[in-house]
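Structure at a glance
Read off the chains here:
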Amino acid sequence: MSAAVLRGLDQRSSEQVVAIILGGGRGTRLFPLTRERAKPAVPLGGRYRLVDIPLSNCINSGINRIFVLTQFNSRSLHRHINETYKFDVFSRGFVEVLAAEQTMTSGDWFQGTADAIRQNLWHLRSADCDHYLILSGDHLYRMDYRDFFLRHIDTGADISVSTIPVTREAAKGFGIMKVEPNGLISEFVEKPQTDEELEHLKMPPQVMADFGHEAHDGREYLASMGVYLFRREVLKKLLEERREWIDFGKHVIPESLATHRVHTYLFNGFWEDIGTVQSFYDVSMRLLEADPPFRFLEPGKPIYSRPRYLPGSTVGDASISASLICEGSNIEGAHIEHSIIGIRSIIGSGVHIKDSIMMGADFYGDSHPEGNIPIGIANNCVIEHAIVDKNACIGEGCIIRGREGLPRVVEDNYAIIDGIVIILKNASIPPGTVIG
């Protein structure tokens, strides 16, 4: 698009679209990373949070009026947003967290994605707009919502659903759509499992090609990304008249096909649902590839996060390869291979870290508030196939090794999920401890 067209779309999207980011429920599939924080507040890439992804996509798309809906462990999320996203006082821009609350009309927790918005309609009415852009807070992708918005307007859709091509096996875990050549969605099946269902939902190669995707790689199904664009009055009416519809994927989208124009928008870039510990670990490791599928810095489309003004990292007699080292860290004579080292990480001498994620710390300190073990990783530790959450204190000589086949374990200071050892946030691991 030309610069003039983009500026015009920025103006239209800024004035007509309000974004709503769904913070999710308890985040049980991401436990224990969500034990003390909301899902969108989970650290990513050493210095970001999951919520920075949809927020940055909105800002880069000219959308600066954004609500974030959450109900569990929202304190750290609220603090991060409040300290990060500040707009010009002369603009209409804002990012506001809406936590579940008791009102005169409702005293229940959010029952699903649609119910979360229903319970906040009276807040949303204060932001004048024509369309609501609904996003998830736990996906990793870079998307220009202006293109999505433009197609929504051009097709005259009441509802638009962003989709991504997936394989037959992957289709079993998503909401899958049958789409007509004009882009109108005719069927929506949540997590189809039978061969009959899957065969029926397969998209013809020519239709996929018309959408700009050559289905030569086995991706013959269109899966919902959990990215929706609604005409304001359509969403309001659906949620107020059909109060039994509590979820977008299970109720609102499938049931609206018979009464409204529901169109698809095909997205053909990188997209990952970070809904489990395994997917979080896998996508983090992919960020370390020589040509990663996702880069946090792309000219004109950066991923924003909280400015911390930390000093550069200091590295002593260390060996580091295929790793990401964030600012404010202090690394002595350690060997670090294929790992992410987050902000303010303190790593002692003789430490070996491989295929692991160290989230770093929220502060500098000599020791854990409840013990005498220094924050960070002490001398002569081995950390492999593990996630070390923030502010963890690991004593000298600890061996922490994850591997396939380890049984699931949940303890006070650590957990083992899908063979990955997770040292919990604020945990204190005594010297000489062996885990795995």
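What you are looking at is a predicted structure, and each value in this text was computed from that prediction instead of being measured. (Residues numbered from 1 in each chain as written. Predicted model: local features only at pLDDT ≥ 70, side-chain atom pairs only at ≥ 80, totals over all residues. Heavy atoms only, no water.)

1. Focus: the overall build of the chain
For the chain, the count of helices and strands is twelve helices and 32 strands. Taking 436 residues into account, the globule formula puts the C-alpha radius of gyration at 22 Å, and the chain, at 23 Å, falls close to it. Across its three principal axes, the chain shows a C-alpha extent of roughly 65 × 50 × 45 Å. Carbon and sulfur atoms form 48% of the exposed surface of the chain, whose accessible area is close to 18800 Å². (Helix = DSSP H or I, 4+ residues; strand = E, 2+ residues; numbered from the N terminus. Rg over C-alpha atoms; globule rule 2.2 N^0.38 Å. Areas by Shrake-Rupley, 256 points an atom, 1.4 Å probe, with all protein chains shown as cover.)

2. Details of the side chain of arginine 118
Along the polypeptide, arginine 118 turns up in helix 4 (residues 113-118). According to the relative accessible area criterion, arginine 118 is buried, its value standing at 7%. Engagement of the side chain of arginine 118 in a polar contact is seen with the backbone oxygen of leucine 239, the distance being 2.7 Å. Of note is the side chain of arginine 118, whose polar atom sits 3.0 Å from the backbone oxygen of arginine 242. Excluding its chain neighbours within four sequence positions, the residues that come into contact with arginine 118 are Leu239, Arg242, Arg243, Trp245 and Ile246. (Buried < 20%, exposed > 50% of the residue type's maximum accessible area, 1.4 Å probe, protein only. Polar contact = N/O pair within 3.5 Å; in protein donor to acceptor, adjacent residues only side chain to side chain. Contact = heavy atoms within 4.5 Å.)

3. Regarding the pattern of salt bridges
Applying the stated rule across the entire model yields 22 salt bridges. As a salt-bridge pair, aspartate 158 and arginine 231 come within 3.9 Å of each other at their nearest N and O atoms. Linking aspartate 158 in the loop between helix 6 (145-155) and strand 8 (159-166) with arginine 231 in strand 11 (residues 221-231), this pair joins segments that are 73 residues apart in sequence. Given the relative accessible area of 17%, aspartate 158 is considered buried. In this structure arginine 231 comes out as partly exposed when scored by relative accessible area, which is 27%. A salt bridge links arginine 295 to aspartate 291; its shortest N-O distance comes to 3.3 Å. Judged by its relative accessible area of 43%, arginine 295 is partly exposed. Accessibility expressed as a relative area gives 59% for aspartate 291, which makes it exposed. (Salt bridge = Lys/Arg side-chain N within 4 Å of Asp/Glu carboxyl O.)

4. So, the sheet that holds strand 16 (residues 324-325)
The strand order across the open sheet built from seven strands is 16-19-22-25-30-29-28, with neighbouring strands paired in mixed fashion. Strands at the two margins of the open sheet, each flanked by one partner only, are strand 16 and strand 28 (409-410). Taken together, the two bridges between strand 22 (residues 357-358) and strand 25 (residues 386-388) define a ladder with parallel strand orientation. Within strand 25, the position partnered with isoleucine 357 by the bridge is isoleucine 387. (Pairing = 2+ DSSP bridges.)

5. Thoughts on the confidence of the model for the chain
Mean pLDDT over the chain stands at 90; residues scoring 70 or higher make up 91%. Contacts from residues 1-6, a stretch scored under 50 in pLDDT, to residues over four places away or in other chains number five contacts. (pLDDT = per-residue confidence, 0-100.)

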